[in-house]
Amino acid sequence: MSWRSSFRCSKFRHVFGKPSTKEHGYDGVPITRGVHDNHYCSANPCFLAVVTESAGGGSFLVLPIHHTGRVDPQHPRVCGHSGSVLDVKWNPFDDHCIASCSEDCTVKIWDIPVCGVQQNLTRARKTLMGHSRRVALIEWHPTARDLLLSSAYDYKVLLWDVSQAGAVLRYPVRVVLMPVHHRCPSDALLLSVSFSSDGSRLAVTSKDRRVRVLDPRTGRILQVSRSKSHRASKVLYIGGLKMLLSTGSSPWNHRQIVLWDPDDLSEPLYEEDLDGSAGVLFPFYDPDTHMLYLAGKGDGNIRYYELSTEKPYIRFLTENRSLLPQKGLGVMPKRGLDVSACEVFRFYRLIAIKDLVEPLSMIVPRKESGIFQEDLYPMTAGNQAAMTALEWLSGINRSPVLMSLKPGTRVANPYPESPAERRLVRQLSSLRFQMDPAVTGSELDFMEEAFLEEQLAYQDAKYPREVSDLSGWQPDETQTPTYRCTPHCCEPAERPPPTTESELLQTFYRQQDEIRGLRETLNGKDVRISQLEQDIKNTRNNMRATF
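Residues numbered from 1 in each chain as written. Predicted model: local features only at pLDDT ≥ 70, side-chain atom pairs only at ≥ 80, totals over all residues. Heavy atoms only, no water.

- Going by what an unreviewed UniProt entry lists, the protein is known as Coronin and is assigned to Cottoperca gobio.
- Here is the UniProt Sequence similarities (unreviewed entry) comment for the protein, exactly as written: "Belongs to the WD repeat coronin family." (UniProt positions renumbered as here; feature names shortened; annotations may be inferred.)

The following block contains the structure:
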């Protein structure tokens, strides 16, 4: 009989958390003091959104992802809600669209400019008014475009199609849950929601601390947990393994993690007590590496596990510890990670006691970290929708459109686009990218697209006009342009736009050199200020010693 070790080797057993330095964090962010068990933070490859503390209404901060360091206390905010903002979520298929829910009973859809928020943004693109009490949860559909779920304290769970015409939407496309005969059962007040990978099922936890699986199109309850030894607070679909994970507490108030079969919630597959802390456990799952991350509200540590389809299903790897407690966490999508550094996950920890947002990267140590590691980055869910909201409402289910994280690699969308979608993309492309007609979109690589985005941000900042007016744009040489962007985004004098690729690259490199010089000047001024402060302190001490 052959000997078989009980220890299963894992390539993720040495994963470690690498917190960013203070220069690469976001310091001076007035993080909200709200007590709801939400993340209060959302990230994508372009922007970071954080719910902030404010008086006389609700607001949140939207920062460019590379805008690190000290944040200006007067930085413009998104402040269109009349009540406190409870959560924010970026649209997974549009990096410039974000949804927010608030105590003012509304959900708002915002369009963020390419160059960021340069002045207080108070006018939303859409306002969803279907709830009568504060809205606590929002969640975008994982595969259908423009489909948003909202849950509020009026015991209603609604589905919205935000592509519908009109600035104010009062009627959702689906009512998933609602009170019956003015009865407000505890199973309709949701604590967390999670879509399956194709969006055909919805897992929820509610005030009665049970796990339920619903059909989001009809609201029909398919499964209900019956375990009396687990009181669930958060739930998460484990994509690819056909499992559900819930976090909560035991009858003895020990924090627990429980694995379920989504087709049979009568008995849990696995149950484990962790500790006796009181903070809510937030679960995060990476379907590409099958790694599970558990972060407690008010904790300083983040545990990570590896999941499998074989018993005991879950295996503890290690944990990242910090002395600073986290109030909430944001997660960067896989397409925004640094694959050259073998980064497999990235958190944005909200440290309220320091007014700090700290990026925390999960790194797999490799000898050759500068090359693309095929085994760490399989095909993953991208930023293209698999279908429209109307297609999903008609009963179609599709898996997410996958993309490759290898630089320079593109994967075509396997689902055909409708003529209306192609027409919309063509119109947006003609308005946003002023290109040579001989160059087609398929010939642009990722570096050229990033360069065009930067040029677009430069033009939008320098000439603040409506997009519809760009076709007839002519430079006005009689007036001095009014700059609405930060000084480093604008040139001091009028210049014609570059005409060739070499001129374009020269302009880009010149701007980078100017930015680098300005940063060095600022650093020198900081050093000089510190020296002067020390001289003043020494002079005062000498004067005191003299008298």
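### So, the sheet that holds strand S27 (residues 302-307)
- Read across the open sheet, the four strands follow the order S25-S26-S27-S28; overall the sheet is antiparallel. For this open sheet the edge positions go to strand S25 (281-286) and strand S28 (314-320), each flanked by a neighbour on one side alone. Going across the sheet, the axis of each strand differs from the next one's by a mean of 25°, ignoring polarity.
- Bridge analysis of strand S26 (residues 291-296) against S27 gives five bridges, and the strand direction is antiparallel. When the bridges of S27 are listed, Met-291 appears paired with Glu-306. (Pairing = 2+ DSSP bridges. Helix = DSSP H or I, 4+ residues; strand = E, 2+ residues; numbered from the N terminus. Axes fitted to C-alpha atoms, helices over the stretch in contact; angles between N-to-C directions.)

### Section: the side chain of Thr-32
- For Thr-32, the position within the fold is in the loop between strand S2 (26-27) and strand S3 (41-43).
- Judged by its relative accessible area of 7%, Thr-32 is buried.
- Among the polar contacts listed, one links the side chain of Thr-32 to the backbone nitrogen of Gly-34, at a separation of 3.1 Å.
- Leave out the neighbours within four places in its chain, and Thr-32 touches Tyr-40, Val-51, Thr-52, Glu-53 and Lys-327. (Buried < 20%, exposed > 50% of the residue type's maximum accessible area, 1.4 Å probe, protein only. Polar contact = N/O pair within 3.5 Å; in protein donor to acceptor, adjacent residues only side chain to side chain. Contact = heavy atoms within 4.5 Å.)

### Observations regarding the side chain of Glu-358
- By the secondary structure assignment, Glu-358 is in strand S31 (residues 356-363).
- Polar side-chain contacts of Glu-358 include one of 2.6 Å to the side chain of Arg-349.
- Other than its neighbours up to four places away in sequence, Glu-358 contacts Pro-19, Ser-20, Phe-347, Tyr-348, Arg-349 and Ile-351.

### Re the pairing of S26
- In terms of burial, S26 is a largely internal element, six of the six residues being buried.
- Of the two faces of S26, the one carrying Met-291, Tyr-293 and Ala-295 and the one carrying Leu-292, Leu-294 and Gly-296 are both buried.
- Inspection of the sheet shows S25 paired to S26 by six bridges, in the antiparallel sense. Residue Asp-286 lies in a different strand from S26, and its bridge partner there is Met-291.
- Counted between consecutive antiparallel strands, the loop separating S25 from S26 contains four residues, among which His-290 sits at a positive phi close to 60°.
- Hairpin connection between S26 and S27: a loop of five residues separates the two successive antiparallel strands, and Gly-298 in this loop has a positive phi of roughly 90°.

### Observations regarding the packing of aromatic side chains
- Counting across every chain of the model gives 10 aromatic pairs.
- Ring centres of Tyr-293 and Tyr-304 lie 5.7 Å apart, and the angle between their planes is 50°; on these two criteria the pair is classed as tilted. Of this pair, Tyr-293 sits in strand S26 while Tyr-304 sits in strand S27, and the two are 11 residues apart along the sequence.
- Taking the relative accessible area as the measure of exposure, Tyr-293 reaches 0% and is therefore buried.
- Among the residues examined, Tyr-304 registers a relative accessible area of 1% and is labelled buried.
- Ring geometry for Tyr-305 and Phe-316: centres 5.3 Å apart, planes at 70°, overall edge-to-face. Of this pair, Tyr-305 sits in strand S27 while Phe-316 sits in strand S28, placing them 11 residues apart in sequence.
- For Tyr-305, a relative accessible area of 2% puts it in the buried group.
- Put simply, the rings of Phe-284, Tyr-293, Tyr-304, Phe-345 and Phe-347 touch in pairs and so form one group of aromatic residues.
- For the cation-ring pair, Arg-134 lies above Tyr-153, with the distance from its terminal atom to the ring centre recorded as 4.0 Å.
- Against the face of Trp-392 rests Arg-217, its NZ or CZ located 4.4 Å from the ring centre. (Phe/Tyr/Trp six-rings, centres within 6.5 Å; stacked < 30°, edge-to-face > 60°. Lys NZ or Arg CZ within 6 Å of the ring centre and 35° of its normal.)

### Regarding the UniProt feature "coiled-coil region" (unreviewed entry) in the protein
- As annotated in UniProt, the feature "coiled-coil region" (unreviewed entry) corresponds to residues 515-542 in the numbering used here.
- Secondary structure across residues 515-542 divides into 100% helix and 0% strand, with the first and last C-alpha atoms of the span separated by 41 Å.

### As for the sheet that holds S3
- Read across the open sheet, the four strands follow the order S3-S4-S5-S7; overall the sheet is antiparallel. The sheet is open, and its two borders are formed by S3 and strand S7 (78-81), each paired with just one other strand. Strand-to-strand twist across the sheet, computed as the mean angle between neighbouring axes with direction ignored, equals 20°.
- Judged from the two bridges that link them, strand S5 (residues 58-64) and S7 form a sheet pairing that is antiparallel.

### Some words on the nonpolar core
- Judged by nonpolar contacts, the single largest core of 33 residues is most densely connected at Tyr-26, Leu-48, Phe-60, Val-62, Ile-112 and Tyr-348.
- When residues of this core are traced back to their parent elements, those giving at least two are S3, strand S4 (47-52), S5, strand S8 (85-90) and strand S30 (343-351).
- In terms of residues, this core owes the most to one element, S4, which gives five residues.
- Contacts of Leu-48, omitting those with residues within four sequence positions, involve Tyr-26, Cys-41, Ser-42, Ala-43, Leu-61, Val-62, Leu-63, Ile-65, Tyr-348 and Val-357. (Core = buried A, V, L, I, M, F, W, Y, C linked by side-chain atoms within 4.5 Å.)

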